Amino acid sequence: MGKITRIDVTGAIAELKAAIQDIIPEDSLYEDDFYLLRWIRAGKTDVKKAEKKLRKAAKWRKENNISSLALEPFPENWLESHPMFADAVTKEGSL
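Throughout, a residue's number is its position along its own chain's written sequence, starting from 1. Only residues with pLDDT of at least 70 get local features here, since the model is predicted, and only at 80 or more are side-chain atom pairs given and counted; chain-wide, interface and lining totals rely on the full set of residues. Derived side-chain values reflect all non-hydrogen atoms in the structure, with water molecules and hydrogen atoms excluded from consideration.

Participant: What should I look at first to understand a positive patch on the surface in this one?
Facilitator: Residues form patches when they are more than 30% accessible in relative terms and have no salt bridge. Like charges link within 9 Å. Nonpolar side chains (Val, Leu, Ile, Met, Phe, Trp, Tyr) link within 5 Å. Computed with the Shrake-Rupley method and a 1.4 Å probe, the accessible areas treat only the protein chains shown as cover for residues. What makes a salt bridge here is a side-chain nitrogen of Lys or Arg within 4 Å of a carboxyl oxygen of Asp or Glu, nothing more. In this tally, Lys and Arg are treated as positive and Asp and Glu as negative; His is ignored, and so are the chain termini. Just so you know, the charge point we use is NZ for Lys, CZ for Arg, CG for Asp and CD for Glu. On the surface, Lys44, Lys49, Lys52, Lys53 and Lys56 cluster together into a patch of positive charge. What counts as a helix is a DSSP run of H or I of at least four residues, what counts as a strand is a run of E of at least two, and both are numbered from the N terminus. Relative to the helices and strands, Lys44 resides in the loop between helix H2 (33-42) and helix H3 (47-63). Accessible area is worked out with a 1.4 Å probe on protein chains only. A residue is then buried under 20% of its type maximum, exposed over 50%, and partly exposed in between. Residue class for Lys44 comes out exposed when judged on its relative accessible area of 68%.

Structure, rendered in structure tokens:
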């Protein structure tokens, strides 16, 4: 069985926020505590590892202009060329 580690989540988030102050203005996503907590978990609760991973992802997001993708129009005929299959239906009849 794995070892259970308890960390101060609020403190870890604050520490990560302090470490990335220079990139926070680039995207409001970097101010979101839940988003930062995901990076802390990805770094196995090591804030330094989390910062390294987050900075690498932030660089990739900036290079590929990811934040602007939400503003792009959805391609016409996309569903015709990329069919989606569903194998379950809710009680209300939704896929």
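From this point, the narrative continues.
Participant: Could you clarify how one ought to interpret helix H1 (residues 9-19) in this entry?
Facilitator: Residue pairs three or four apart in sequence face the same way in an α-helix, which turns once every 3.6 residues. Listed as buried for H1 are Ala12, Ile13 and Leu16. For H1, the buried positions fall inside an angular range of 100 degrees around the axis, keeping them on one side. Away from the buried face of H1 by more than 90 degrees, exposed residues Thr10 and Ala18 are located. Elements in contact with the buried residues of H1: H2 and H3. The reported arc concerns the directions from the helix axis to the C-beta atoms and nothing else. The contact rule is simple, with two residues in contact once any of their heavy atoms fall within 4.5 Å.

Participant: Which parts of the structure should I look at to understand the side chain of Asp27?
Facilitator: Examined against the element boundaries, Asp27 turns out to sit in the loop between H1 and H2. The exposure class of Asp27 is buried, given its relative accessible area of 14%. Two N or O atoms form a polar contact when they lie within 3.5 Å of each other; inside protein one atom must be a possible hydrogen donor and the other a possible acceptor, and for residues adjacent in sequence the pair counts only when both atoms belong to side chains. Side chain to side chain, Asp27 and Arg61 meet in a polar contact 3.2 Å long. Excluding residues that lie within four positions of it along the chain, Asp27 makes contacts with Arg61 and Ser67.

As far as function goes, none of this settles anything; it's purely spatial.
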